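Survey of secondary and tertiary structure
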Amino acid sequence: ALSPIPFRPREVRRIANLRYGEHRRHRLDVYHRRDRPAGGPVLLYLHGGGYYSGSKHHEGRALLHDLAQRGWVCVSATYRLRPRADFEDHLADARAALAWTREHASEHGGDPSTLVMAGSSAGAHLTSLLAVEDDTPLSAAICLYGYYGRYYGRTADEAATSTPFALPAAGAPPVFIAHGDHDTWTSASDARRLTAKLRRESGGPVVGLELP
């Protein structure tokens, strides 16, 4: 009752600061049940922070602990930040973390044939982009209070597309999008637009949840 930060359940083990690349922020934590049941589904989570801040230590912990307690193998990754990194760097890091998760989840009891990607804010932005890319097979995507427009200062003539609105979504997996209706940092209108686009184009399940 006194702290918003959940304590890790005793049944859950965290393996901290595994490398998925050469940069000092190419680190991730793996959460799994201590008895490590085999064949659990896998979740990769990316933190928010507007691409300027954030860490794998500070967000999504209740989600990671709960799913790990239920037998999931959960991975929480840190990625490079502005101003020393740009959009292409963030996206490359998200892809690298996803590749690491697909390759190594089985070592921790996970079955990467069921691989869900989740993110909040900037992490949701990256998740939404990878969800609509044809060469990124995901079982599902979870986008929490995300920003879905173009990256800082970019326009329609950008070399690499930085908004899911400019990409076809026919191959998108099932997607869950959650947002607060009075969010003053990232408007709920973009979440509504993305939900509508995915429902029109993907043909798969799309759930949009707007919280008061």
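Shown above is the structure to which this text applies.
Presented here is an overview of the structure given in this document. (Residues numbered from 1 in each chain as written. Predicted model: local features only at pLDDT ≥ 70, side-chain atom pairs only at ≥ 80, totals over all residues. Heavy atoms only, no water.)

A few words now on the packing of aromatic side chains. Evaluation of the coordinates by the stated rule reveals five aromatic pairs. Aromatic side chains Tyr-51 and Tyr-79 sit 6.3 Å apart centroid to centroid with 65 degrees between the ring planes, which places their arrangement in the edge-to-face category. Taken together, the residues Tyr-51 in the loop between β3 (40–46) and α1 (61–69) and Tyr-79 in the loop between β4 (73–77) and α2 (87–104) connect sequence positions 28 residues apart. Under the relative-accessibility criterion, Tyr-79 is labelled buried at 1%. (Phe/Tyr/Trp six-rings, centres within 6.5 Å; stacked < 30°, edge-to-face > 60°. Helix = DSSP H or I, 4+ residues; strand = E, 2+ residues; numbered from the N terminus. Buried < 20%, exposed > 50% of the residue type's maximum accessible area, 1.4 Å probe, protein only.)

Here we take up the pattern of salt bridges. Following the criterion strictly, the structure yields 14 salt bridges and no others. Close ionic contact of Glu-201 with Lys-197 constitutes a salt bridge, the shortest N to O distance being 3.1 Å. Linking Glu-201 with Lys-197, this pair stays in helix α4 (residues 188–201), spanning four residues, or about one helical turn. The class for Glu-201 is partly exposed, based on a relative accessible area of 33%. (Salt bridge = Lys/Arg side-chain N within 4 Å of Asp/Glu carboxyl O.)

We now examine the sheet that holds β4. Pairing in this open sheet of eight strands is mixed, and the strands run β1-β2-β4-β3-β5-β6-β7-β8 from one edge to the other. The open sheet terminates on both sides in strands that have one partner only, identified here as β1 (12–19) and β8 (206–211). Within the sheet, the average angular offset between the axes of one strand and its neighbour, ignoring direction, is 15 degrees. Relative to strand β5 (residues 110–120), β3 runs parallel, the two sharing six bridges. Directly across from Leu-44, in β5, lies its bridge partner Met-117. In the packing of α1 onto the sheet, the strands contacted are β1, β2 (27–33), β3 and β4, and the crossing angle to β2 comes to about 40 degrees. (Pairing = 2+ DSSP bridges. Axes fitted to C-alpha atoms, helices over the stretch in contact; angles between N-to-C directions. Contact = heavy atoms within 4.5 Å.)

With that settled, consider the side chain of His-108. Mapping His-108 onto the fold places it in the loop between α2 and β5. In this view, His-108 contacts Ile-15, Leu-18, Val-30, His-32, Arg-36, Val-73 and Trp-100; residues no more than four positions away in its chain are not counted.

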